[in-house]
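Listed here are the chains, written in short residue letters.
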Amino acid sequence: MAKFDFSKRDSFGSKIGIIAAAAGSAIGLGNIWRFPYVTGENGGAAFLLIYLGFIIMIGIPVMLSEFTIGRRAQRNPFGAFRLLKKGQPWYLIGLMGIAAAFFILAFYSTIAGWTLEYLYLSITDGFSGKSPEQLNSMFKKFQSDGWWPVIWQVIFMFFTAWIIYRGVRNGIEKYAKILMPVLLLIIFIICIRSVTLPGAIDGLRFLFKPDFSKINPSVILEALGQAFFSLSIGMGTLITYGSYINKRDNLSTTAISVSAADTFIAILAGVAIFPAVFAYGINPAEGEALVFITLPNIFMEMPGGYFWALLFFLLLVIAALTSTISVLEVVVAFFSEELNINRKQATIIASIAITILGVFCTLSQGPLNQPFIGENTLFEILEYTSANLFLPIGGFFIVIFVGWFMGRKNVDDEISNSGKFKLPLFNFFLVIVRIIAPIAIAMVFLYQLGILG
Ligand code: TRP
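Rules behind the numbers
Residues numbered from 1 in each chain as written. Predicted model: local features only at pLDDT ≥ 70, side-chain atom pairs only at ≥ 80, totals over all residues. Heavy atoms only, no water. Salt bridge = Lys/Arg side-chain N within 4 Å of Asp/Glu carboxyl O. Buried < 20%, exposed > 50% of the residue type's maximum accessible area, 1.4 Å probe, protein only. Near = heavy atom within 4 Å. Polar contact = N/O pair within 3.5 Å; in protein donor to acceptor, adjacent residues only side chain to side chain. Areas by Shrake-Rupley, 256 points an atom, 1.4 Å probe, with all protein chains shown as cover. 1 Å grid on protein atoms, 1.4 Å probe; cavity = no way out; pocket = protein on both sides within 12 Å on 5 of 7 lines; lining within 4 Å. Sits in = over half its atoms within 2 Å of the grid points. Helix = DSSP H or I, 4+ residues; strand = E, 2+ residues; numbered from the N terminus. Contact = heavy atoms within 4.5 Å. Phe/Tyr/Trp six-rings, centres within 6.5 Å; stacked < 30°, edge-to-face > 60°. Lys NZ or Arg CZ within 6 Å of the ring centre and 35° of its normal.

(A) Local environment of the pattern of salt bridges. Evaluation of the coordinates by the stated rule reveals 13 salt bridges. Between Lys-8 and Asp-5 there is a salt bridge; the shortest N-O distance is 3.1 Å. A salt bridge links Lys-214 to Asp-211; the shortest N-O distance between them is 3.4 Å. Looking at Lys-214, the relative accessible area reads 38%, which means it is partly exposed. Put simply, Arg-71, Arg-72, Lys-247, Asp-413 and Glu-414 are held in one network by salt bridges that share partners.

(B) A look at the site of the ligand. Surveying the vicinity of the ligand reveals 17 residues, the closest of which are Ala-26, Gly-30, Tyr-108, Phe-229 and Ser-232. Contact between the ligand and Gly-30: an oxygen atom at 2.7 Å from a main-chain N or O atom of the residue. Tyr-108 places a side-chain nitrogen or oxygen 2.5 Å from an oxygen atom of the ligand. Contact with the protein chains removes 100% of the 360 Å² of surface that the ligand exposes when unbound. Spatially, the ligand is embedded in the largest cavity.

(C) Quick peek at the environment of Tyr-244. Within the fold, Tyr-244 resides in the loop between helix H11 (237–242) and helix H12 (251–279). Under the relative-accessibility criterion, Tyr-244 is labelled buried at 3%. Each residue touching Tyr-244, except ones within four places of it in the same chain, is listed here: Arg-9, Asp-10, Ser-11, Phe-12, Val-168, Glu-329, Ala-333 and Arg-343.

(D) Seen up close, the side chain of Ser-230. Residue placement: Ser-230 occurs in helix H10 (residues 217–231). Judged by relative accessible area, Ser-230 falls into the buried class, the value being 0%. Among the polar contacts made by the side chain of Ser-230, one reaches the side chain of Asn-31 at a distance of 3.4 Å. When neighbours within four sequence positions are excluded, Ser-230 is seen to be in contact with Ala-26, Asn-31, Tyr-51 and Asp-262.

(E) Focus on the packing of aromatic side chains. Tallied over the entire structure, the rule returns 41 aromatic pairs. Taking 6.5 Å as the distance between ring centres and 20° as the angle between the ring planes, the aromatic pair formed by Phe-81 and Trp-90 counts as stacked. Considered together, Phe-81 and Trp-90 belong to a single accessibility category, that of buried residues. Between Phe-334 and Phe-335 the ring centres are 5.9 Å apart and the planes differ by 50°, which places this aromatic pair in the tilted class. Overall, Phe-334 belongs to the buried group, its relative accessible area being 10%. Above the ring of Phe-229, the side-chain terminus of Arg-34 is found at 5.3 Å from the ring centroid. Above the ring of Trp-404, the side-chain terminus of Arg-434 is found at 5.1 Å from the ring centroid.

Keep in mind that these numbers describe shape and distance, not what the molecule does.
Below, the structure written as structure tokens:
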């Protein structure tokens, strides 16, 4: 079989396309579904503050590190580490990222499937006239139904695969450029509606007024995990996207814009959801069902609820889709560049393999709902281990690699586009990736394990 021809590698066409695609990856169910429920479970504002600290001190540097590795090597994560540090086992980090992509996409596509069901329900006016108890049991019944969630998941994976099949510029970039502005518009409209609800102030207080007694080691680990998950860092997604960034574009401003956009949208999602949660007396620690149970209630009690529900679930579907494509792309880039499978076949093989794992994940919420490890279902294990273990561990080695092994000159050269622009804080960046970020990540782990503190 012919070797992969690296001179014909696809790439992003424009700066705005890069930002749309990378922000599309970062902004997803992590912001709109996971951020509110994890914030709710971890006490609100104090969690948010720690989260913001991690985004700035660790998130942005890890993101810039990933872009730097990717664009330097022009390869998928496995190939990138192998090329940049020959003869040393750094490629294992790339392999771990590819495994993480399977895990993440498997459970993520479960939720993405739920969003399609809820979009369908809102189109067909399926919430109207239902009491809160009925909406609650409707969700539980659907979630544990068995086949419906699986069918939606397969449909969602099909859309994901279809975009990836079309390629980087004509698939990922093109759709991100259309979908991201729609997403922004929708979330703005919903926020305005939510903060003007009677009683909204309690929700805003929960989100913005910290109660530091709520902080403990597991809250800190959750905040770190959420920061990694939300920014799409720690598994090579942004190494892969970085490898498609043009040599002319500025990596540091891209990393900063994408992180800022992601954080902004997470906060907007909080602003959209918590006022409504409090206005209607719902428990903010409801868990993964939060947006699916809470919001239909709220929409049904609002004038124009049909329209709000439709907008919100459309928002979720769009957010999910621009993220799932970025995870699948990691696997497809690896298959096509390292295993010499052509891109189209690679897309088909990877999607089918991931969907199979995903189906078990979905069924673990229903008919196969039984403990997989400890008391947790397969879904819970995949979600928890990927966000709170794989990503921070990946991020730890990524910053160590850039800080200590890639060579200062290479890093400087790549970030400054061979000296064309200087990163004013380059030395500060180096201190972060060499020392501060690795120590911070390691400490969070040790605290969690009870070894420190
Ligand atoms: N960041 C996305 C979200 O918030 C999910 C995601 C996409 C992701 N690619 C990733 C998470 C890579 C971790 C790693 O929904």
